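# Examining the three-dimensional arrangement
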Amino acid sequence: MRNIVIVGGGAGGLELATKLGKKLGKRKKANIVLIDAKPTHVWKPLLHEVATGSLDSGMDELNYSAHGLKSGYDFCLGTMSGLDREAKRVMLAPIMDESGQQVLHERAIAYDTLILAIGSVTNDFGTLGAKEHCAFLDSFKAAKQFHQRLLNKCLKVSNAEQPMPLEVAIVGAGATGVELSAELLNTAEVLSHYGILKLQDTTPNIHLIEAGPRILPALPERVSTLIQRELEKLGITVHTSTMITEVTAEGYVTKSGDVIPARLKVWAAGVKAPDFMTTLGLETNRVNQLMVNAQLRTEDEHIYALGDCACVMQEDGKPVPPRAQAAHQQASHLVRVFRSQYLGRPEPDFEYHDKGSLISLSRFNAIGNLLANDGKRSFKIEGKLARIMYVSLYRLHQVALHGRFHTLLLMLIGRINKVVRP
């Protein structure tokens, strides 16, 4: 049987493994193997909620092994460390425990078809001091670490002998930065309500810093302007056209020489594929993404890529943006590609359909734009309707993984937990 190996259990990789497992794995037409460095999956657009503590990650984590047993794929825990294209083998690094003792030695996984869905990491653009002083919310582990740092800072501020503000500054006013800033404000109110955070001022000092002329550059200007007004009404300070040249323990140093003070610092200004991608002998672009054709195939006919680690060009000459909806569409497209191969039909070309963007400002509001079917007209929505549409994006991800009935049960559990859990 054909061995199809998928490296990376993010939104695209996990959905692809699920669909191929149900269509091919359960029918014994192919062996489907999913490889990931972690045993569980959390949808990446939710990481800002994990970081602020507003999401109980234990309720939303998916165990790869259990899900694979149900969906028809095998799960292998490991981190890709190399690729032998001639022998068609993926090399996995040894697994070590917390004390540095080896749990599993280096392994090799054979493939006939390999799909790389490794995702992306934060791009600090080489800014001095960014790695040392900033949190990068590009993984579940990093989000949990930031959450603990946030709690520690809240305790320190609350018990300080002299008045001490809670200062948080976020570089990058894309979707992650904007949503995190609003979620932090909500978290401060919740912690204050529980008595964990005692502020001398009524609200924490939250700064959102953007190098470009406006926040959320991927959205229409009228929508990003509206969202900035909402943020400022909430008391969040928005800095646009502000280039950061250095990060210190005290805060961010701007190109003009000013310092934006911050006890907690987050860098969310850009993404890139992991540097490891450039060592595979395949063509990459300046942000380490693998260059793929319209079938999402690299220059190696046996290797495909999707999601944030892949660069596929659109008809207008622009690359498909690294977004969850793009990974979702690419996973569905690869299923069609493999189906066409089995049936001996021409392989279809991938076409990205932008459905619009929605931004959640925590419990305060939700705003965004939806694109019409022709892709030329957009409609601004906000309030409860926008919030429902925003949540539905995650529900669609759950449907792809669990089916409609299981997702309905998860929604019911979520409603119950809002009543019985803090």
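Here the structure is shown first, and the text comes after it.
Chains are numbered independently. Their residues run from 1 in the order of the written sequence. It should be noted that, the model being predicted, local features are given only for residues of pLDDT at least 70 and side-chain atom pairs only at 80 or more, the latter also being counted only at that level, while totals for whole chains, interfaces and linings use all residues. Side-chain calculation: all heavy atoms of the structure are included, whereas hydrogens and water are not.

## Things to note about the packing of aromatic side chains
Just so we agree on the cut-off: Pairing of aromatic rings covers Phe, Tyr and the six-membered ring of Trp, with a centre-to-centre limit of 6.5 Å; geometry is then stacked below 30 degrees between planes, edge-to-face above 60, and tilted otherwise. By definition, any uninterrupted DSSP run of H or I lasting at least four residues is a helix, any uninterrupted run of E lasting at least two residues is a strand, and each is numbered from the N terminus. Each residue is placed in one exposure class: buried if its accessible area under a 1.4 Å probe, protein chains only, is under 20% of its type's maximum, exposed if it is over 50%, and partly exposed if it falls in between. We call a charge positioned above a ring when the Lys NZ or Arg CZ atom is no farther than 6 Å from the ring centre and deviates by at most 35 degrees from the ring normal.
According to the stated counting rule, one finds 3 aromatic pairs in the structure shown. Relative to Tyr394, the ring of Trp43 lies with its centre 5.2 Å away and its plane at 25°, an arrangement referred to as stacked. Taken as a pair, Trp43 in the loop between strand 3 (40–41) and helix 2 (47–52) and Tyr394 in helix 10 (residues 384–402) lie far apart in primary sequence, 351 residues in all. For the pair Trp43 and Tyr394, one class covers both residues: buried. Arranged with centres 4.9 Å apart and planes meeting at 25°, the rings of Tyr64 and Phe75 form a pair that is stacked. Of the two residues, Tyr64 is situated in helix 4 (residues 64–71) and Phe75 in strand 5 (residues 74–77); the sequence distance between them amounts to 11 residues. The positively charged end of Arg2 is found above the aromatic ring belonging to Phe338, 5.2 Å away from the centroid.

## Things to note about a negative patch on the surface
Here is the rule we go by: In this scheme, patches are assembled from residues that exceed 30% relative accessible area and form no salt bridge. Like charges are connected within 9 Å, while nonpolar side chains (Val, Leu, Ile, Met, Phe, Trp, Tyr) are connected within 5 Å. Using a 1.4 Å probe, accessible areas were evaluated by the Shrake-Rupley method; residue-level cover was limited to the displayed protein chains. The rule for a salt bridge is simple: a side-chain nitrogen of Lys or Arg has to be within 4 Å of a carboxyl oxygen of Asp or Glu. The charge count includes Lys and Arg as positive and Asp and Glu as negative, but it does not include His or the ends of the chains. Lys charges are placed at NZ, Arg charges at CZ, Asp charges at CG and Glu charges at CD.
A surface patch of negative charge is lined by Glu315, Asp316, Asp349 and Glu351. As for its position among the elements, Glu315 is in the loop between strand 23 (310–311) and helix 9 (324–343). Judged by its relative accessible area of 85%, Glu315 falls in the exposed class.

## Focus: the sheet that holds strand 13 (residues 167–171)
To be explicit about the condition: The rule for pairing is simple: two strands pair if DSSP sees at least two bridges between them. To obtain an axis, a line is fitted to C-alpha atoms, over the contacting stretch when the element is a helix, and the angle between two such axes runs from 0 to 180 degrees between their N-to-C directions. The contact definition used throughout considers only heavy atoms, calling two residues in contact when any of these lie within 4.5 Å.
Across the sheet, which stays open at both edges, the 4 strands sit in the order 15-14-13-19 with parallel pairing between neighbours. Looking at which strands have only one partner, the edges of the open sheet turn out to be strand 15 (237–239) and strand 19 (264–267). Strand-to-strand twist in this sheet, taken as the mean axis angle between neighbours without regard to direction, amounts to 15°. When strand 13 meets strand 19, the two strands line up parallel, connected through 4 bridges. Paired with Val171 across the bridge in strand 19 is Trp267. Where helix 7 (residues 175–194) meets the sheet, its contacts fall on strand 13, strand 14 (205–209) and strand 19, and the angle it forms with strand 14 comes to roughly 175°.

## Focus on the sheet that holds strand 26 (residues 378–382)
The strand order across the open sheet built from 3 strands is 24-25-26, with neighbouring strands paired in antiparallel fashion. Of all the strands in the sheet, the pair left with one neighbour each is strand 24 (356–361) and strand 26. In this sheet, neighbouring strand axes are inclined to one another by 10° on average, regardless of whether the strands run parallel or antiparallel. Here strand 25 (residues 365–371) runs beside strand 26; their pairing, made up of 5 bridges, is antiparallel. Of the residues in strand 26, the one forming a bridge with Ile367 is Glu382. Helix 10 contacts strand 24, strand 25 and strand 26 of the sheet and is inclined by roughly 105° relative to strand 24.

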